[in-house]
Amino acid sequence: VQLQAFGGGLVQAGDSLRLSCAASGRTFSRYVMGWFRQAPGKEREFVATISWSGLSTYYAISVEGRFTISRDNAKSTVYLQMNSLKPEDTAVYYCAADRTVAVSTTPTTYDYWGQGTKVTVSS
């Protein structure tokens, strides 16, 4: 599976942004998908994950209520809708695919990674 994330940009605090991650390959619908982010000088951290069916989602506490992960298996795409953005959301955002069944917040369980898309939130 090859993943390509896009949709990042420079926005102001309080704005919204939607990230997309397009996947190639025939089995996208069988992958758990996740979004992670990495701010300068910090480790990569979990943001959100969604089950292959889309029925189960899980969020980091820092984004819960502001971010929404969703997927369209027919388009082999996963989305991250980000609302009420804060300067601390500034990071490079990565999408990832996991071949296991259960949703996961751990980066090491993910098998494939996109190249990342940069989000900058100004105050």
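Since the model is a prediction, treat every value here as computed from it, not as a measurement.

(A) How the structure looks around unusual backbone geometry. You will see that Ser-76, though not glycine, has its phi angle at about 50°, which is positive. With respect to the helices, strands and loops of the structure, Ser-76 is situated in the loop between strand E7 (67-72) and strand E8 (77-82). One non-glycine residue, Ser-84, lies in the positive phi region at around 50°. With respect to the element layout, Ser-84 can be found in the loop between E8 and strand E9 (91-98).

(B) Representation of the sheet that holds strand E1 (residues 3-6). Reading across the sheet, the four strands line up as E1-E3-E8-E7 and stay open at both edges, with antiparallel pairing between neighbours. The open sheet terminates on both sides in strands that have one partner only, identified here as E1 and E7. The mean inter-strand angle of the sheet, taken between neighbouring strand axes irrespective of direction, is 15°. Inspection of the sheet shows E7 paired to E8 by six bridges, in the antiparallel sense. Bridging across to E8, Ser-70 finds its partner in Tyr-79.

(C) Region of interest: the packing of aromatic side chains. Summed over the entire model, instances satisfying the criterion amount to six aromatic pairs. Each ring, one from Phe-46 and one from Tyr-58, has its centre 6.0 Å from the other, and the planes form 25°; the classification is stacked. Within this pair, whereas Phe-46 is found in strand E5 (residues 45-50), its partner Tyr-58 is found in strand E6 (residues 57-59), the two being separated by twelve residues in sequence. A network of ring pairs unites the aromatic residues Phe-36, Phe-46, Tyr-58, Tyr-110 and Trp-113 as a single cluster. The ring of Trp-113 has Arg-44 sitting right over it, with the charged end atom 4.7 Å from the ring centre. Between the NZ or CZ atom of Arg-71 and the centre of the ring of Phe-28, over which it lies, the distance is 4.6 Å.

Rules behind the numbers
- Residues numbered from 1 in each chain as written.
- Predicted model: local features only at pLDDT ≥ 70, side-chain atom pairs only at ≥ 80, totals over all residues.
- Heavy atoms only, no water.
- Helix = DSSP H or I, 4+ residues; strand = E, 2+ residues; numbered from the N terminus.
- Pairing = 2+ DSSP bridges.
- Axes fitted to C-alpha atoms, helices over the stretch in contact; angles between N-to-C directions.
- Phe/Tyr/Trp six-rings, centres within 6.5 Å; stacked < 30°, edge-to-face > 60°.
- Lys NZ or Arg CZ within 6 Å of the ring centre and 35° of its normal.

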